[in-house]
Amino acid sequence: MVELLKSTAIGSSLRRLDGVAKVRGTARYAFDQQVENPAYLYPVQSTIALGQISKMDTGRAEGVTGVIAVLSHLNAPKLAQTDDAELAVLQGPHIGFRGQFIAAVIAETPEIARHAASLVAVKYQIAEHDAAFSAEHPGLYAPEQVNGDFDTDTSEGDVEAALAASAVVIDQIYTTPAEHNNPMEPHATVAQWQDGELTLYDSTQGVHPVRQSIAPMFGLAPEAVRVIAPHVGGGFGSKGLPHAHVVLAALAAQCSGGRPVKFALTRQQMFSLAGYRTPTIQHVRLGADKNGRLVAISQDAVSQTSRIKEFAEQTAVPARMMYSSPNRRTTHRLVPLDVAVPSWMRGPGECPGMFGPEVAMDELAEACGLDPLELRVRNEPDRDPDSGKPFSSRHLLECFRIGAERFGWGRRSSQPRARLEDGWWVGLGVASATYPFMRNPGNAVRMSFQEDGSYTVQIGAADLGTGAWTVLTQIAADALHVPPAQVHLEIGDSSLPVATVAGGSSGTASWGGTIIAAALAFRREHGGNPAPGAQTQAEAPEDPDAERYAMHSFGAQFAETRVHADTGEVRVSRMLGVFSAGRIINPRTARSQFIGGMTMGIGMALHEEGVMDPRFGMIVNHDLADYHIPTNADITDVDAIWLEETDHRAGPLGARGIGEIGIVGAAAAIANATYNATGLRVRTLPLTPDKFLF
């Protein structure tokens, strides 16, 4: 157990320090960066899903006034490293998915570049592609590991024998569709070469990870690549890893006559070039005795990957630790397809992976004649069932107790289809949420004292709009025992000390713990009255408790839904999330994060579905006109609260992650509420009206 940082600034609802600049429009995002005499890029994308380019005619495009260059595999600079097929753009004629970059126009204006790109003529040798996702696919295989370096399969006890002997068995298939991150700010990059060094203004969740990925592709030392991202307009995982547009912009800047090149993906392009959540097929089996105590848990998860680059969603991992059972089994299988590369999306693994088991738990509760809350009480583990380690903090049942009282759970009818109000069937549902705590090593912070009495705190972290500018300032202020106004934070630049990615709900704990370590080192070296110019750089020490305890955040999601008796339209009229996430650094930004995640959960439940047309290997609803997300009219009464607690094992902050747990369990709670309302059990997302028509 580490000594916790005493709080003065921490725990206060400090207003966002970047808020005024964003409201005034002076906060510069990637595409807004002011560079001298920029050129603009627009790509040409493949219109087939698999094959080869047999001929490309760029003559008409090159003849357009204002066109600087047209790049393709025929004339693009060769990359020094091409083992990542997603990033190896314009390096050959092979087509691996529809929408792949096959050429790019560099021009004086975005409009000229886009027009000229439409004039590039391409002929293909078309190969027979496969974009049909199913659990019976003949190419189904087991990856070596799944995302997060988790084991592909796990097994304990004899699941089959336990299921056969169970008094009650739930055996069902649950599916979630492809979903797309769609941050407000599109993926954008400004690339500039000077004296053999590359500068990238990039919309990214990690400036240092981008530098580490891009530098070897151009045969550069990491120090020869500078990545700058002071403000990022959302990411939800899609900006956690660099995608092909970053490489294309850097290649184009090599061919622009020394001018910087600006490139922003359109909304439509983001659907095939910026990652997405893979669809999943989940076979969930639960076996219980007549009292509802689980004796077997089995989850077999199938997801898709691209043939050109593997991504294995860790769908079944949360089932390994959520509830107590002596017999447990989880498996992951991938379907390799000729499709764009899937990647991280908010709550990867936990978000889709909790849908099947949490709906199955609702089915089990009904089969056993139990309240869904009571079922969870009876299956609450006293240790992590997967690792056998004690939990550093597990207050899930307290979340349910507080939430049930606040939400009015006692008014729920145990009989489905029992409450009709003004033509709407009304029901209540609940689900658990969990997300692992991660505090990543490899961060460093530089602190210095200035002549005006302020402290400069530097770390190459990224703020996705989640509040890092504010909460890191609060942490630094308490670590240095000064007011926040005396702290000058610098983030979002790879020239600053190294920082890990803003992902996995790890940022605040990872960067904040390093800030505390640097402040302690600074005081040891320079005392309480440092001289102007005093400076210290430090890294965070290792956490001894990280290997001794299972560390997770938990939550209880409550939903009230209304389903129209005639049309099947589904509305979420009320939603409450109660979370156990350790110490809350800033209640204002924390509540925003929780509610943001729950709002995305409503989108997952009711709206979001990337519809694949396997004939063409493309997502057909690839814009925000046809890919529906929640709007203000969909969000009526959504509230989030949390337990007042500190996880004394989770580093010097005592805080765990909050960015992703808000979405986990939300869709399952809504699905369970629609069953309580209508008596129709829907196991396939999204919950569209046609599924509720009798």
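Residues numbered from 1 in each chain as written. Predicted model: local features only at pLDDT ≥ 70, side-chain atom pairs only at ≥ 80, totals over all residues. Heavy atoms only, no water.

1. So, the overall build of the protein chain
The helix and strand tally for the protein chain stands at 15 helices and 28 strands. Whereas a compact globule of 694 residues would reach a radius of gyration of roughly 26 Å, the protein chain reaches 26 Å, a difference of no more than 12%. Projecting the C-alpha coordinates of the protein chain onto the three principal axes gives extents of approximately 75 × 70 × 50 Å. When each of the 694 residues of the protein chain is scored for burial, the buried share is 62%. (Helix = DSSP H or I, 4+ residues; strand = E, 2+ residues; numbered from the N terminus. Rg over C-alpha atoms; globule rule 2.2 N^0.38 Å. Buried < 20%, exposed > 50% of the residue type's maximum accessible area, 1.4 Å probe, protein only.)

2. What about the pattern of salt bridges?
Any two side chains of opposite charge can pair if their charged atoms end up close together. In the structure shown here, the tally under the stated rule is 34 salt bridges. A salt bridge links Arg419 to Glu560; its shortest N-O distance comes to 3.8 Å. Placement of the pair is Arg419 in the loop between helix H11 (396–407) and strand S18 (420–421) and Glu560 in strand S24 (residues 552–564), with a sequence separation of 141 residues. Of the residues examined, Arg419 reaches a relative accessible area of 31% and is grouped as partly exposed. Among the residues examined, Glu560 registers a relative accessible area of 5% and is labelled buried. A salt bridge links Arg571 to Asp634; the shortest N-O distance between them is 3.5 Å. Separated by 63 residues along the polypeptide, Arg571 in strand S25 (residues 570–580) and Asp634 in the loop between strand S27 (618–619) and strand S28 (638–642) bring together distant segments of the chain. Judged by its relative accessible area of 31%, Arg571 is partly exposed. Note on Asp634: relative accessible area 16%, which makes it buried. (Salt bridge = Lys/Arg side-chain N within 4 Å of Asp/Glu carboxyl O.)

3. What to know about the sheet that holds strand S6 (residues 121–126)
An order of S4-S2-S6 is seen for the three strands of this open sheet, with the pairing classed as antiparallel. Each of the sheet's edge strands pairs with one partner strand only, and the pair in question is strand S4 (94–95) and S6. Alignment of strand S2 (residues 51–57) against S4, held across two bridges, turns out to be antiparallel. Looking at S4, one finds that Gln52 is bridged to His94. (Pairing = 2+ DSSP bridges.)

4. Details of the nonpolar core
Membership of the largest hydrophobic core comes to 91 residues, with the highest contact counts inside it found for Leu198, Leu200, Phe218, Val247, Met447 and Leu472. For Leu472, the contacting residues outside a window of four places in its chain are Ala461, Leu489, Ile491, Trp511, Gly512 and Ile515. Within the second largest apolar cluster, 81 residues are counted, among which are Ile595, Met600, Ala671 and Phe692. (Core = buried A, V, L, I, M, F, W, Y, C linked by side-chain atoms within 4.5 Å. Contact = heavy atoms within 4.5 Å.)

5. A few points about the pairing of strand S20 (residues 444–449)
The element S20 is extensively covered by neighbouring structure, given that six of its six residues are classed as buried. What you see with S20 is no split at all: Ala444, Arg446 and Ser448 on one side and Val445, Met447 and Phe449 on the other are buried throughout. In the sheet, S20 pairs with strand S23 (residues 535–539) via five bridges, with the strands oriented antiparallel. Paired with Ala444 across the bridge in S23 is Glu539. Taken together, the four bridges between S20 and strand S21 (residues 455–458) define a ladder with antiparallel strand orientation. The residue of S21 that forms the bridge with Arg446 is Gln458. Between S20 and the antiparallel strand that follows it, S21, lie five residues; Gly453 among them carries a positive phi value of about 90°.

6. Here we look at the side chain of Asn147
Tracing the backbone shows Asn147 in the loop between strand S7 (145–146) and strand S8 (150–151). Note on Asn147: relative accessible area 19%, which makes it buried. A distance of 3.2 Å separates polar atoms of two side chains, one belonging to Asn147 and the other to Trp344. Ignoring any residue separated from it by four or fewer positions in sequence, one finds Asn147 in contact with Phe311, Ala312, Gln314, Trp344 and Pro348. (Polar contact = N/O pair within 3.5 Å; in protein donor to acceptor, adjacent residues only side chain to side chain.)

7. Remarks on helix H9 (residues 355–368)
Helical geometry note: an α-helix holds 3.6 residues per turn, so side chains three or four residues apart project in the same direction. If you check H9, its first and last C-alpha atoms are 20 Å apart, about what 14 residues at 1.5 Å a residue would give, namely 20 Å. For H9, a buried count of twelve out of 14 residues is recorded, marking the element as mostly surrounded by other parts of the structure. Every buried residue of H9 is listed here: Phe355, Gly356, Pro357, Glu358, Val359, Ala360, Met361, Asp362, Glu363, Leu364, Ala365 and Cys368. (Expected span 1.5 Å × (residues − 1).)

8. Topic: helix H13 (residues 507–526)
Compared with the 28 Å implied by 1.5 Å per residue over 20 residues, the 28 Å span of H13 between its first and last C-alpha is a close match. Most of H13 is tucked away, with 14 of its 20 residues classed as buried. Immediately beyond the C-terminal end of H13, within one or two residues, lies Gly527, with a positive phi of roughly 75°.

9. What about the pairing of S21?
Side-chain alternation along S21 places Tyr455 and Val457 on one buried face and Thr456 and Gln458 on a second face that is also buried. Relative to strand S22 (residues 487–490), S21 runs parallel, the two being bridged by four bridges. The residue bridging Gln458 from the neighbouring strand is Glu490, located in S22. Remark: the S21/helix H12 (residues 468–480)/S22 crossover connection has right-handed handedness. (Right-handed = clockwise from strand over helix to strand, strands pointing away.)

10. Brief notes about the packing of helix H14 (residues 587–606) against helix H15 (residues 666–678)
Direction vectors running N to C along H14 and H15 enclose 50°, while the axes themselves pass 8 Å from each other. Our classification of the angle between H14 and H15 gives oblique. Where H14 crosses over H15, the handedness of that crossing is right-handed. Judged by residue contacts, Gly601, Ile602, Met604, Ala605 and Leu606 of H14 engage Ala666, Ala667 and Ile670 from H15. Taken together, the residues that form the contact of H14 with H15 break down as seven nonpolar, one polar and no charged. (Axes fitted to C-alpha atoms, helices over the stretch in contact; angles between N-to-C directions. Parallel < 35°, antiparallel > 145°, perpendicular 65-115°, else oblique. Left-handed = near helix turned anticlockwise from the far one by under 90°. Nonpolar A, V, L, I, M, F, W, Y, C, P; charged D, E, K, R; others polar.)

11. Some details on the packing of H12 against H13
Packed helices, taken two at a time, are described by their axes: the angle between them and the distance between them. Close contact between H12 and H13 brings their axes to 9 Å; oriented N to C, the two are set at 30°. Our classification of the angle between H12 and H13 gives roughly parallel. By crossing handedness, the relation of H12 to H13 is classed as right-handed. Within the contact between the two elements, H12 uses Ala468, Val471, Leu472, Ile475, Ala476, Ala479 and Leu480 and H13 uses Thr508, Trp511, Gly512, Ile515, Ile516, Ala519 and Arg523. Its residues assigned to classes, the contact of H12 with H13 shows eleven nonpolar, two polar and one charged.

12. Brief notes about the environment of Ser393
Structurally, Ser393 can be placed in the loop between helix H10 (372–378) and H11. The sequence separation of Ser393 and Lys262 amounts to 131 residues, and the corresponding C-alpha distance is 47 Å. Setting aside residues up to four positions removed in sequence, Ser393 forms contacts with His552, Phe554, Ser580, Glu645, Asp647 and Arg656. There is a polar contact of 3.3 Å between the side chain of Ser393 and the side chain of His395.

13. Points about unusual backbone geometry
Of note, the amide linkage connecting Leu685 to Pro686 takes the cis form, showing an omega dihedral of 0°. Within the secondary structure, Pro686 is located in the segment after H15. The backbone of Asn37 shows a phi angle near 50°, a positive value even though the residue is not glycine. Mapped onto the elements of the fold, Asn37 is located in the loop between helix H1 (19–24) and strand S1 (39–45). One non-glycine residue, Asn182, lies in the positive phi region at around 50°. Its location among the elements puts Asn182 in the loop between strand S10 (168–176) and strand S11 (188–194). When its relative accessible area of 13% is taken as the criterion, Asn182 is described as buried.

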